[in-house]
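# Residue-level structural notes
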Amino acid sequence: NQASCLCGKVRFQVAKFLPVVGHCHCTMCRKFHGAAFSTFAEVKLTDLHWVSGQDCLRHYQAENGTVRSFCQNCGSSLLFESKYNRQNGTIEVATAVFDHIEAITPSAHIYTESKVNWYEINDGLPQYLSYRK
């Protein structure tokens, strides 16, 4: 499963995805991705392998301590890290940057309290006002 940013300078591979895949509707994800929601898949840090461009990554730390990583050249959103991820040796990867993904299935919509009013969730997945419980 190979991923890259829009300009192709940053490339990485994921050997295995964890079953935690969600559509996040929080205000920060919406603004960072410029979309109604973002979809992230969690992976163990040991399953994330850099191919090129790790030095092109830039990081934005929000007031809540989360860190979003993106390409300095094209701005593509690539990674998300929370306190939970740091404690568990995991990171969340933006699924939209993969050329092809095998065997991931989103399992929930999270932070729906911040959802845009013009998008209706009707896919039958569980919905959580904040993080999944």
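Below: a short report on this structure. (Residues numbered from 1 in each chain as written. Predicted model: local features only at pLDDT ≥ 70, side-chain atom pairs only at ≥ 80, totals over all residues. Heavy atoms only, no water.)

## Considerations on the overall build of the chain
If you tally the helices and strands in the chain, you get two helices and 10 strands. Listing every helix and strand of the chain by position from the N terminus yields β-β-β-α-β-β-β-β-β-α-β-β. The C-alpha radius of gyration computed for the chain amounts to 14 Å, which stays within 12% of the reference 14 Å derived for 133 residues, consistent with globular compactness. Considered along the principal axes of its C-alpha atoms, the chain spans approximately 40 × 30 × 30 Å. In the chain, the share of contacts with a sequence separation of at least 24, taken over all contacts with a separation of at least 6, comes to 56%. Summing over all exposed atoms, the chain offers an accessible surface of approximately 7,500 Å²; the carbon and sulfur share of this is 49%. Placing the 13 positive and 11 negative side-chain charges of the chain at their respective mean positions leaves the two points 4 Å apart. (Helix = DSSP H or I, 4+ residues; strand = E, 2+ residues; numbered from the N terminus. Rg over C-alpha atoms; globule rule 2.2 N^0.38 Å. Contact = heavy atoms within 4.5 Å. Areas by Shrake-Rupley, 256 points an atom, 1.4 Å probe, with all protein chains shown as cover. Lys, Arg positive; Asp, Glu negative; His and termini not counted. Charge placed at Lys NZ, Arg CZ, Asp CG, Glu CD.)

## Focus on the nonpolar core
Core analysis: the biggest nonpolar cluster contains 26 residues, and Phe 12, Leu 78, Val 93 and Phe 98 have the highest contact counts within it. Look past the residues within four positions of Phe 98 in its chain and what remains in contact with it is Asn 1, Gln 2, Ala 3, Phe 12, Val 14, Phe 17 and Val 93. (Core = buried A, V, L, I, M, F, W, Y, C linked by side-chain atoms within 4.5 Å. Buried < 20%, exposed > 50% of the residue type's maximum accessible area, 1.4 Å probe, protein only.)

## Some details on the packing of aromatic side chains
The tally for this structure, following the rule as stated, stands at six aromatic pairs. The interplanar angle of 70 degrees and the centroid separation of 5.4 Å between the aromatic rings of Phe 17 and Phe 98 together place this pair among those described as edge-to-face. Linking Phe 17 in the loop between β2 (11-14) and β3 (21-24) with Phe 98 in the loop between β9 (90-94) and β10 (108-110), this pair joins segments that are 81 residues apart in sequence. Each of the two residues, Phe 17 as well as Phe 98, counts as buried. Through a chain of ring-to-ring contacts, the aromatic side chains of Phe 12, Phe 17, Trp 50 and Phe 98 assemble into a single cluster. (Phe/Tyr/Trp six-rings, centres within 6.5 Å; stacked < 30°, edge-to-face > 60°.)

## A word on the environment of Leu 125
Summarising the element assignment, Leu 125 is placed in the segment after β10. You can call Leu 125 partly exposed: its relative accessible area is 21%. Considering only alpha carbons, one finds Leu 125 and Pro 106, 19 residues apart in sequence, at a separation of 8.1 Å. Discounting residues that sit within four places of it in the chain, Leu 125 has contacts with His 23, Pro 106, Ser 107, Ala 108 and His 109.

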